[in-house]
Amino acid sequence: MANSNKETAEEQQSPSKAAYIFTIIRLSAVFIVLCGIIYPLASTALAQVLMPSQANGSMLKNSAGQVVGSTLIGQNFTDQALFQSRVSSIEYKAEASGSNNYGPSNPDMLQRTSDSITQWKLDNPGVPVSELPIDLVTNSGSGLDPHISPAAAIVQIPRISNLSGIPPETLTALVSEYTEGRDLGLFGEKRVNVLKLNLALTELKAK
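Computed from a predicted structure; not experimentally measured.

(A) Layout of the overall build of the protein. Each helix and strand in the protein was counted, giving eight helices and five strands. Along the protein, helices and strands appear, N-terminal first, in the series α-α-α-β-β-α-β-α-α-α-β-β-α. Over its C-alpha atoms the protein spans a radius of gyration of 29 Å, topping by over 25% the 17 Å that the globule rule assigns to 207 residues. Within the span of the protein, comprising 207 residues, buried residues form 28% of the whole. Looking at the protein, you have 15 positive and 18 negative side-chain charges, and the mean spots of the two groups are 3 Å apart.

Below you can see the structure in the form of structure tokens.
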């Protein structure tokens, strides 16, 4: 009899299944509000205050105040009087970041490289293929790389100078001005953001 009374008392003291479910619902609601609403809003507000440009996509505007692209995403410049970007197997579509990851003997990659070299010969008859930097005929890992090497920019100067009438010395100085150093002076390679460079070139031609 004593044991029966003890078990009854323990059953009365232990939470019911309904109480457990209600606790789970309350915790879920709290975490949804904290992690799904408050945290994203606080992070967004903080980013807008501390780094508004980066928070909004690192967008670039031309002299007229129009957004022309992002410093983080490469573009296809068809005007031969502008600096050309790296090859992109995804047509610079940010929503499709990635590449085909072809091996060096892949027929499609060999054909694409051959086509790029052929086009280079047509567009730059005064510059031999032996001086063509490899980053102008190869795809980056993401297919969105907005940068080229300084050498890849400099080798395009003869074509651009011929089409724009801007002296090669002026274009060389422009490339030098927009050459970015290694991160923290140690990591990565020197590089040139093609969109920034072309914006500066367009403004230079407008003078």
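Now, onward.
(B) Just the nonpolar core, in detail. Counting 26 residues, the largest nonpolar core has Phe83, Leu136, Ile148, Val175, Leu197 and Leu201 as the members making the most contacts within it. Listing elements by their share of this core, those giving two or more residues are helix H5 (150–154), helix H6 (157–164), helix H7 (168–177) and helix H8 (194–206). Among the elements that take part in this core, H8 stands out by supplying six residues, more than any other. Aside from chain neighbours lying at most four places away, what touches Leu197 is Phe83, Ala153, Leu174, Val175, Tyr178 and Val192.

(C) Inspection of the environment of Ser130 at higher detail. Assignment of secondary structure puts Ser130 in the loop between helix H4 (107–123) and strand E3 (147–148). Residue classification places Ser130 among the exposed residues on the basis of a relative accessible area of 70%.

(D) Focus on H4. The end-to-end C-alpha distance of H4, which contains 17 residues, comes to 24 Å, matching closely the 24 Å that a straight helix rising 1.5 Å per residue would cover. Among all positions in H4, only Met109, Thr113, Ser116 and Trp120 are buried. Buried residues of H4, viewed axially, fall in a sector of 60 degrees; they line one side. Residues of H4 that are exposed and point more than 90 degrees away from the buried face comprise Pro107 and Leu122. Buried residues belonging to H4 abut H6.

(E) Examining the packing of H6 against H7 more closely. H7 packs onto H6 with a crossing angle of 125 degrees between their chain directions and a minimal axis gap of 9 Å. By the criterion of interaxial angle, the relationship of H6 to H7 is oblique. Of the two elements, H6 crosses H7, and the hand of that crossing is right-handed. Across the interface between the two elements, Ile157, Ile160 and Ser161 of H6 pack against Pro168, Leu171, Thr172 and Val175 of H7. Here the contact of H6 with H7 is composed, by residue class, of five nonpolar, two polar and no charged.

Scoring rules and cut-offs
Residues numbered from 1 in each chain as written. Predicted model: local features only at pLDDT ≥ 70, side-chain atom pairs only at ≥ 80, totals over all residues. Heavy atoms only, no water. Helix = DSSP H or I, 4+ residues; strand = E, 2+ residues; numbered from the N terminus. Rg over C-alpha atoms; globule rule 2.2 N^0.38 Å. Buried < 20%, exposed > 50% of the residue type's maximum accessible area, 1.4 Å probe, protein only. Lys, Arg positive; Asp, Glu negative; His and termini not counted. Charge placed at Lys NZ, Arg CZ, Asp CG, Glu CD. Core = buried A, V, L, I, M, F, W, Y, C linked by side-chain atoms within 4.5 Å. Contact = heavy atoms within 4.5 Å. Expected span 1.5 Å × (residues − 1). Arc of directions from axis to C-beta. Axes fitted to C-alpha atoms, helices over the stretch in contact; angles between N-to-C directions. Parallel < 35°, antiparallel > 145°, perpendicular 65-115°, else oblique. Left-handed = near helix turned anticlockwise from the far one by under 90°. Nonpolar A, V, L, I, M, F, W, Y, C, P; charged D, E, K, R; others polar.

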